[in-house]
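# Descriptive structure summary
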Amino acid sequence: MPKSPKTAYREPSHQEAPGRSPRAPLSRERVHAAALSLVDAEGVDALTMRRLARELGCNAMALYRYAASRDALLDGVVETVMTDLVIPPDGADWEAQLRRTAHQFRDLALAHPHVVPLLVTRPLSTPLGLRPLGTVRPLEMLVALLIDAGFSPEDALHVYRAYFGFLYGHILTELQELVANPEESDDLLRLGLHRLPPAEFPHVRQLASALADYDGVTELDQGLDILLTGLRVQLQIPARRS
């Protein structure tokens, strides 16, 4: 009786795990996108090499080809978000462009709230020239915009620092505007301010209505008015006339 031909055994590739259907090949972009999705869904603490490997259907060791460590994964998450922040070099209307970019940054941050702490803290661990290129590109684009508008390179850098310092502070503040009892009509009770001792926090309690009516877009625009007006006066850049 003729023997049936043997089927050659094939080891699962790094893109496949036993019992799973073949998936798209791994790539740096796919790994970072999956890491971002995991952080968005469950927070930064959920992101580990093993957990990400399960999401991608591969062996954890395969990920080290695309990210040398968990820190590198976190940098990749930040880069993936910041790559969507585009600052066109329209120096003729630098104020309008900074306003558009500020709102775009806010939209990105609110779409990925778990990533916001990483946007603020990850640069603290790495010198500027060693960071992922996607995280440095907004600096280059914004400085180019301002130089084209008439700022000196040094002044453009000062504006960048003040501008992003304001944006980080704004979005962190907006994400902290939590309501304790949404169904409560009294502003003190809605925000839980009735728990604060009146003698120690008279002004905060007095501002209950203003705090309860917080509007992120309005607050952002009011802050930009202050920042951009001050920059124009301080740096003697004439306002654009319509």
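Now for a look at the structure at hand. (Residues numbered from 1 in each chain as written. Predicted model: local features only at pLDDT ≥ 70, side-chain atom pairs only at ≥ 80, totals over all residues. Heavy atoms only, no water.)

## A few points about the side chain of His-112
Following the sequence through the fold, His-112 ends up in the loop between α5 (94–111) and α6 (116–121). His-112 sits in the buried class, given a relative accessible area of 15%. Among residues more than four places away in sequence, those in contact with His-112 are Leu-36, Asp-40 and Val-81. (Helix = DSSP H or I, 4+ residues; strand = E, 2+ residues; numbered from the N terminus. Buried < 20%, exposed > 50% of the residue type's maximum accessible area, 1.4 Å probe, protein only. Contact = heavy atoms within 4.5 Å.)

## Observations concerning the packing of aromatic side chains
Evaluation of the coordinates by the stated rule reveals six aromatic pairs. Consider the rings of Phe-105 and Phe-164, whose centres lie 6.0 Å apart with planes at 90°: the pair is edge-to-face. Here Phe-105, found in helix α5, pairs with Phe-164, found in helix α8 (residues 153–175); they are 59 residues apart in sequence, far enough to count as distant. (Phe/Tyr/Trp six-rings, centres within 6.5 Å; stacked < 30°, edge-to-face > 60°.)

## Points about the packing of helix α1 (residues 28–42) against helix α2 (residues 49–56)
Where α1 contacts α2, the two axes come as close as 10 Å, and the packing angle between them is 110°. It follows from the interaxial angle that α1 and α2 lie roughly perpendicular. Contacts from Arg-30, Val-31, Ala-34, Ala-35, Leu-38 and Glu-42 in α1 reach Arg-51, Leu-52 and Leu-56 in α2. Its residues assigned to classes, the contact of α1 with α2 shows six nonpolar, no polar and three charged. (Axes fitted to C-alpha atoms, helices over the stretch in contact; angles between N-to-C directions. Parallel < 35°, antiparallel > 145°, perpendicular 65-115°, else oblique. Nonpolar A, V, L, I, M, F, W, Y, C, P; charged D, E, K, R; others polar.)

## Focus on the packing of α5 against helix α12 (residues 216–235)
As a packed pair, α5 and α12 sit with axes 11 Å apart at the nearest point and diverge in direction by 145°. The crossing of α5 and α12 is right-handed. Across the interface between the two elements, Trp-94, Glu-95, Leu-98, Arg-99, Ala-102, His-103 and Arg-106 from α5 touch Gly-216, Val-217, Leu-220, Asp-221, Leu-224, Asp-225, Leu-228 and Arg-232 from α12. (Left-handed = near helix turned anticlockwise from the far one by under 90°.)

Just distances and angles here, no functional claims.
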